[in-house]
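Here is what each chain is made of, one letter per residue.
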Amino acid sequence: MQRSLSAILCLALLLGMVNWRPAHAVGLEPVKGAWLSPDWIFPGPRSYTEQEVRRIAHDTLAKAKEQGINTIFLETMLRGTTICPTVSVVNGQMQLPDPRTVSYSTYPVYRPLAFDFRIENNAPVDTLQIFIDEGAKLGIRVHAWCHMFYWRMDNSDVVPTWKEGRSAWDDLLVSWLRDTRDQLAQKGDPLAQVLDDTMKMVQAGYDGTAFEKILDVAKIPHQHNPLGSLIRTVMAAGGQQPPFLLITSPEDPFPQPKHKVLRAVFVDPANSRVQNRIIGMVANIVQSHPGLAGVQLDHVRYPTGPVGTPPELGLLGLGVNDNDYFDENNPILNERYQKTVALLEQRRQTLQDFVNRLRRYMGGRVQLSAAILPEY
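The structure displayed is predicted, hence computed values, not measured ones.

Asker: Even after reading the chapter, I still don't get the overall build of the chain, so can you show me in this structure?
Answerer: Helices and strands together make up the secondary structure of the chain, namely 10 helices and 13 strands. When contacts within the chain are restricted to residue pairs at least 6 apart in sequence, those whose partners lie at least 24 apart make up 72%. Approximately 18100 Å² of the chain is accessible, and the part contributed by carbon and sulfur atoms is 53%.

As structure tokens, this is what we get:
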């Protein structure tokens, strides 16, 4: 275990170290930090007990302290799940949801870390709070590293089953499946049964392998990207796209970026239900974890490449670094270029407004930072 923890910390240091001083933090110790993902230290398919989480958290943070790290960015929101339960506050007292009820206002927990949570000293006993408390003993600040608009990869042959299951976006997907099923059933379209089977699968917990089997029975080709394949088939039958997702084209909703394999699925940053849900999840994390030092926003952007752009802009064949799109001597390309610039400005404003809303909800309780993708 010591050797594996050392390797993990080395990986984090090599790939995820940051060293900076907040502009407003004059006189404070500079940040020397590393990103830390549950995937690295709590891999599935097994589950972990509270005692195991405490031991691994202590050992990992102790190794970080030896490397001079004073800040850990702990991945707290990932793939539509969190590493901590939904907590409500009633008359100043924190409460956990009734485990007998399942509600989409109760944010799903990362499966390997869904141990028996409880409230103790008016704070939740969960993975995030354990890291906060263990870090405080060593002088290490913990920030919640939260993914905003990235949901998952539509690559069922790559993503292991233990990384799937319930997510914060299930109810929006189920709503689209149900509405589209009912519309197609009125026309007697057999695709309605496929949508019904898919809806039941999502309600039980998203499972890419089970999704593929549903499509196989219906003889719908999928090439291991079942969600995109179903959306493509629905749109070809006259249905609409899921309104909360970004898609690129009806023919290929989640395309592979140039020279890449994985098909990223992003929720739409401009969708009000998406924004409200993310803000609710972050606010719950901040308000229910005393001692949390900050929140770091990741994927607080639109996807790289052409995902979610209108096909008529002609961006589908371009890679991130291609620069052959603008030609001052070609009026058609110039018009497309101007439309692209306008679209990017609209997206920038959407993201700025979202971050400002999130900042207001956080109320200055903790520091706010962002992970920036250099190529974006």
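Asker: Help me understand the layout of surface pockets in this model?
Answerer: Sizing a probe to match a water molecule and rolling it over the atoms shows the empty space that remains. For the largest pocket, the calculated volume is near 1100 Å³. For the largest pocket, the lining is made up of 42 residues, of which His-147, Tyr-150, Met-153, Leu-262 and His-299 are closest to its centre. For the lining of the largest pocket, the secondary-structure elements that each account for two or more residues are α1 (2–16), α2 (38–41), β3 (71–78), β9 (141–147), β10 (150–153) and β11 (264–266). The element best represented in the lining of the largest pocket is β10, accounting for 4 residues. Of the residues in the lining of the largest pocket, the class split is 22 nonpolar, 8 polar and 12 charged.

Asker: Whenever I open this one, helix α9 (residues 272–287) confuses me. Can you help?
Answerer: With 16 residues, α9 should cover 22 Å at 1.5 Å per step; its first-to-last C-alpha distance of 22 Å lies within 8% of that length. Structurally, the start of α9 carries an N-cap: the backbone nitrogen of Arg-273 is 2.9 Å from a side-chain oxygen of Asn-271.

Asker: Just to check I follow, could you spell out the packing of aromatic side chains for this structure?
Answerer: Aromatic rings considered in pairs are described by the distance between their centres and by the relative angle of their planes. Within the structure shown, the criterion is met by 11 aromatic pairs. Note on Trp-35 and Trp-145: the rings are 6.2 Å apart at their centroids and 50° apart in plane angle, and the pair reads as tilted. With a gap of 110 residues between them, Trp-35 in strand β2 (residues 31–36) and Trp-145 in strand β9 connect regions that are remote in the sequence. Accessibility expressed as a relative area gives 18% for Trp-35, which makes it buried. With a centroid separation of 4.8 Å and an interplanar angle of 55°, the aromatic rings of Phe-115 and Phe-117 are classed as tilted. Owing to a relative accessible area of 9%, Phe-115 belongs among the buried residues under this scheme. Taken together through their ring pairs, the aromatic side chains of Trp-151, Tyr-206, Phe-211 and Phe-244 make up a single cluster.

About the criteria used
Residues numbered from 1 in each chain as written. Predicted model: local features only at pLDDT ≥ 70, side-chain atom pairs only at ≥ 80, totals over all residues. Heavy atoms only, no water. Helix = DSSP H or I, 4+ residues; strand = E, 2+ residues; numbered from the N terminus. Contact = heavy atoms within 4.5 Å. Areas by Shrake-Rupley, 256 points an atom, 1.4 Å probe, with all protein chains shown as cover. 1 Å grid on protein atoms, 1.4 Å probe; cavity = no way out; pocket = protein on both sides within 12 Å on 5 of 7 lines; lining within 4 Å. Points joined across faces, edges and corners; volume = space filled by probe spheres on them. Nonpolar A, V, L, I, M, F, W, Y, C, P; charged D, E, K, R; others polar. Expected span 1.5 Å × (residues − 1). Polar contact = N/O pair within 3.5 Å; in protein donor to acceptor, adjacent residues only side chain to side chain. Phe/Tyr/Trp six-rings, centres within 6.5 Å; stacked < 30°, edge-to-face > 60°. Buried < 20%, exposed > 50% of the residue type's maximum accessible area, 1.4 Å probe, protein only.

Geometric values such as these leave the question of function open.
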